[in-house]
Each structure stands twice: as structure tokens, then as C-alpha cells.
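Tertiary structure, described
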Amino acid sequence: MPPALFRDMTLTIGIVGLGNIGFAMATNLIARGHKIIGYRRSDMGNFVAAGGVPATSPRDVAEKADFVITSLPSAQAVTDVYEGPDGIAAAGRSGLVVFELSTVPIGAKLAAREKLEAAGMVMLDGTISGNPVYFADRTAAAFIGGDRAAFDRYAAPLRDMTDKVTWLGPFGAGRVAKFIALYLVCAHTLAAAEAFELATRCGIDRHAMFEAIQGSNASSAMLESRGALMLDRDYAAFSQDKDGKAAARAKDEPGAGTTRGMESRVRQVVRLTEFARDLGGKYPLMEAMNAAYGEAVADGVGRYDIAEVFEHLMAEGPESREIEDVLALLARAG
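On a predicted model such as this, the values are computed, not experimentally measured, just so you know.

How each quantity is defined
- Residue indices follow the written sequence of each chain, beginning from 1 at its first position.
- In keeping with the predicted nature of the model, local features appear solely for residues at pLDDT of at least 70, side-chain atom pairs appear and are counted solely at 80 or more, and the whole-chain, interface and lining totals rest on all residues.
- Just so you know, side-chain values use all the structure's heavy atoms and leave hydrogens and water out.
- Each axis is a line fitted through C-alpha atoms, and for a helix only the stretch in contact is used; angles between axes span 0 to 180 degrees, taken between their N-to-C directions.
- For the purposes of this entry, the term helix denotes a DSSP run of H or I that reaches at least four residues, the term strand denotes a run of E that reaches at least two, and both are numbered from the N terminus.
- Angles are sorted into four bins: roughly parallel if under 35 degrees, roughly antiparallel if over 145, roughly perpendicular if 65 to 115, and oblique for all others.
- Handedness of a helix crossing follows the sense of rotation of the near helix relative to the far helix, less than a right angle counterclockwise being left-handed and clockwise being right-handed.
- Two residues qualify as a contact provided that any one of their heavy atoms is within 4.5 Å of a heavy atom in the partner residue.
- Accessible area is worked out with a 1.4 Å probe on protein chains only. A residue is then buried under 20% of its type maximum, exposed over 50%, and partly exposed in between.
- The criterion for strand pairing is that DSSP finds at least two bridges linking the strands in question.
- Surface patches are drawn from residues lacking salt bridges whose relative accessible area is over 30%; two like charges belong together within 9 Å, two nonpolar side chains (Val, Leu, Ile, Met, Phe, Trp, Tyr) within 5 Å.
- What sets the accessible areas is the Shrake-Rupley method with a 1.4 Å probe; for residues, cover comes only from the shown protein chains.
- A carboxyl oxygen of Asp or Glu within 4 Å of a side-chain nitrogen of Lys or Arg is what we treat as a salt bridge.
- To estimate how far a helix should reach, multiply one less than its number of residues by 1.5 Å.
- The nonpolar class holds Ala, Val, Leu, Ile, Met, Phe, Trp, Tyr, Cys and Pro. Asp, Glu, Lys and Arg form the charged class, and all remaining residues, Gly among them, are polar.
- The term nonpolar core refers to a set of buried residues drawn from Ala, Val, Leu, Ile, Met, Phe, Trp, Tyr and Cys, joined through side-chain atoms within 4.5 Å.
- Counting of polar contacts relies on pairs of N or O atoms within 3.5 Å, with two restrictions inside protein: one atom must be capable of donating a hydrogen and the other of accepting it, and residues adjacent in sequence are counted only when both atoms are side-chain atoms.

**Overview of the packing of helix α9 (residues 206–213) against helix α10 (residues 221–231)**
One can describe the packing of α9 onto α10 by two numbers: an axis separation of 10 Å at closest approach and a directional angle of 165°. If you check the angle between α9 and α10, you find them roughly antiparallel. In terms of crossing hand, the pair formed by α9 and α10 is left-handed. Residues Arg206, His207, Phe210 and Ile213 of α9 form the contact with α10, whose participating residues are Leu223, Glu224, Ala228, Met230 and Leu231.

This is the structure in C-alpha cells:
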């Protein structure tokens, strides 16, 4: 079917993996009139309540959908969903297009693609930048790599999922784009933390500084989201999926360590930095960011989120200087 015919049509779209991200995709697509058939191993009550149609297996999804999206938590889950006896490949639907949107090692995706191609199916690689809150306001981004014709065929219904869906190049480009987005998120968060550190040490009220910058050309999405957490230095209600799980877990497990929220993201930054070094070139900001977050984790900072890098920056020296000192330093700086 030519791409243009999909622009004003509703489709049966399959989603395998109805966790926080998969469920957010599903609800947006249902709201745009698509029939969503979905599968997850655990309870699908919330999916059914939202208007979704439950399937019995990934194979069942692949047999009934016009195209399929997968959003899975691990490389093993990708292997199971694609290659298992009730997996997508077992559906044997030649020509079926599958968008694999999990953030997992590329090797798992390559193995799944080989299995699908042997069954005559087409798999594209993708990743997501954003969480359910970003899906709710349609600002989450999907980065897609792979067969351009297959992408173009389904680009319009994919953009019913979120407004920002972009084809970036061959298979694997989606995974690279996720690394680049990760870099910018972490770099902008660190920049916001340093900006508020500077304001605080100069005796400027952080709330006033935030209000002055918000919406201006000096602002950023991270300053306005994660930077906002730094104003009252209260991070406990924040979690990556915005459902309070990180806060609840930390409250229930006070002896479980203090860097749960930051350390997984910092591991990603380390991998990103190593990847960039292997590519060649110079990345001075990335190297500095990698060091700063690493030091924060080593100091036990970051139970809930990377926004807590602000606490690491504020740990040394006087929190604010006397105004006479600030003016003297300002005069020296010109």
C-alpha cells in the first residue's frame, strides 16, 4: 500500500512490551483512533482499560497487526520475543514490518533482525528519548534506522505515537542517535547544575534565576525540568518513569546504597565516552561530563536522578559569599 494511503487511515498496530514506554505509546495511538493489539507477560489490565486488545503471545501480535512495535527491557527479552517458539519470527508473515524500539545492546537487535529476515520480514532499529510524561505532551522522540521505504510507509501512523519520529540512516543509526541524545541530556543537566551553583554562591536566589532564564534563549529543556528540581534541592519525588517507583524504593530500602538513580545513567555515559574515543576525534565537554558524574557517584550522590549532580557541586566551599566579596570578584573579572 503506498505511503500516502496511511495518512488518513487507522490501522491495527501491534505493540509487544507494555511497560511504561510501551503503554505510553499505546495510549497515544489509541487516542488517534488506531486499534492496538498488545502483549506483555504480566497483567494487561491497564492496557485493556485504555482500549487495547490483549494478545496471547508476540506471535499472536505479529499474525494480526498491520505492523509491529517492540519496546522491551533487556537483550534477553528481545531474544525471547523475536526468536522464541511463540515469537514474532514464528508468525512467518513475509513482508511484515517491525520497529524494534528497545534500548538494548545492538548485538541483540542484529540477531533478531537476522531471524526476521530469514522469515521474510523487515526489521528497523529504533530508540526512544523521553519518558511517559514526554509522551503525554507528545515531545518524546523516536530515532529510527533501517529500510527507508519501510519507514516511509508507516511514518504517518508512527507520528500518531509522538510528534518527533525521525529516520536517521541505516540499521543501527537509531541506537547511535540515542547515545547522542543521552549526551545532550546529561550535558545540559550538568550545565544547569553549574549555572545554579554559580547563582547560589553569588547569593542570587535560585528561584528568581530560574524565572529569569525560563523560556529565554539561555534556557534548555533540562534546565526547565531537571533544573527545577535543584531549586528546592528536593529530588525524592522524581523518577525516570515519573511513577514514584524510585522514590518508593529508596524509602523502603534505606540501606541499599545512595546512587541508584544516577549510577545506571552514569554507566551509559561511560559507555558513550568509550564509544566516542573509539570513533576518534575530540570531545572535551563529554570527557569533563564523564568525570563530573563519575565523581558524583563515587561520592555517593544521586539516589534519585542525575539532577543531584548539583549536590556534588555544592559540597565544597561556602554556599554563598558576602556581597562585598562577590562585588570584588566581579570587578576583578571585569
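**Description of the pairing of strand β7 (residues 141–145)**
Buried residues dominate β7, accounting for five of its five residues. Neither face of β7 is exposed, since Ala141, Phe143 and Gly145 on one face and Ala142 and Ile144 on the opposite face are all buried. Relative to β7, strand β6 (residues 122–129) is paired through five bridges, and the arrangement is antiparallel. Within β7, the position partnered with Ser129 by the bridge is Ala141. Where β7 and strand β8 (residues 164–169) come together, five bridges link them in parallel fashion.

**Section: the environment of Gly294**
Turning to its location among the elements, Gly294 is positioned in helix α13 (residues 284–298). For Gly294, a relative accessible area of 30% corresponds to the partly exposed category.

**Some words on a nonpolar patch on the surface**
A contiguous nonpolar patch, built from Val176, Ile180, Leu184, Phe275, Leu279 and Tyr283 and spanning about 510 Å² of accessible area, is present on the exposed surface. At the level of secondary structure, the elements contributing two or more residues to the nonpolar patch comprise α8 (173–201) and α12 (260–279). Element by element, the count of residues in the nonpolar patch is highest for α8, at three residues. You can call Ile180 partly exposed: its relative accessible area is 48%.

**Quick word on α13**
Across its 15 residues, α13 extends 21 Å between first and last C-alpha, which sits within 8% of the 21 Å expected from 1.5 Å per residue. Inspection of α13 places Met286, Met289, Asn290, Ala292, Tyr293 and Ala296 among the buried residues, and these make up the whole buried set. Trailing α13 by a residue or two, Gly300 shows a phi angle of about 85°, which is positive.

**Structural notes on the packing of α8 against α9**
Viewed as axis vectors pointing N to C, α8 and α9 meet at an angle of 130°, and their least axial separation amounts to 9 Å. Compared by their axis directions, α8 and α9 come out oblique. α9 is crossed by α8, and the crossing has right-handed handedness. Residue-level contacts link Phe196, Ala199 and Thr200 of α8 to Arg206, Met209 and Phe210 of α9. Looking at the contact of α8 with α9 residue by residue, the class counts come to four nonpolar, one polar and one charged.

**So, the nonpolar core**
Ile69, Tyr82, Ile88, Phe99 and Met161 are the most contacted members of the largest nonpolar core, which has 55 residues in total. The contact partners of Ile69, leaving out residues within four places of it in the chain, are Ile13, Gly14, Ile15, Val16, Met25, Leu29, Phe99, Leu101, Leu158 and Met161. Listed in part, the 35 residues of the second largest apolar core include Phe210, Leu223, Leu272 and Tyr304.

**Some remarks on the side chain of Thr162**
In this fold, Thr162 is placed in the loop between α7 (148–158) and β8. On the basis of relative accessible area, Thr162 is assigned to the buried category, the value being 0%. Of the polar contacts made by the side chain of Thr162, one reaches the backbone oxygen of Ala140; its length is 2.7 Å. The residues touching Thr162, leaving out its near neighbours within four places in the chain, are Phe135, Arg138, Thr139 and Ala140.

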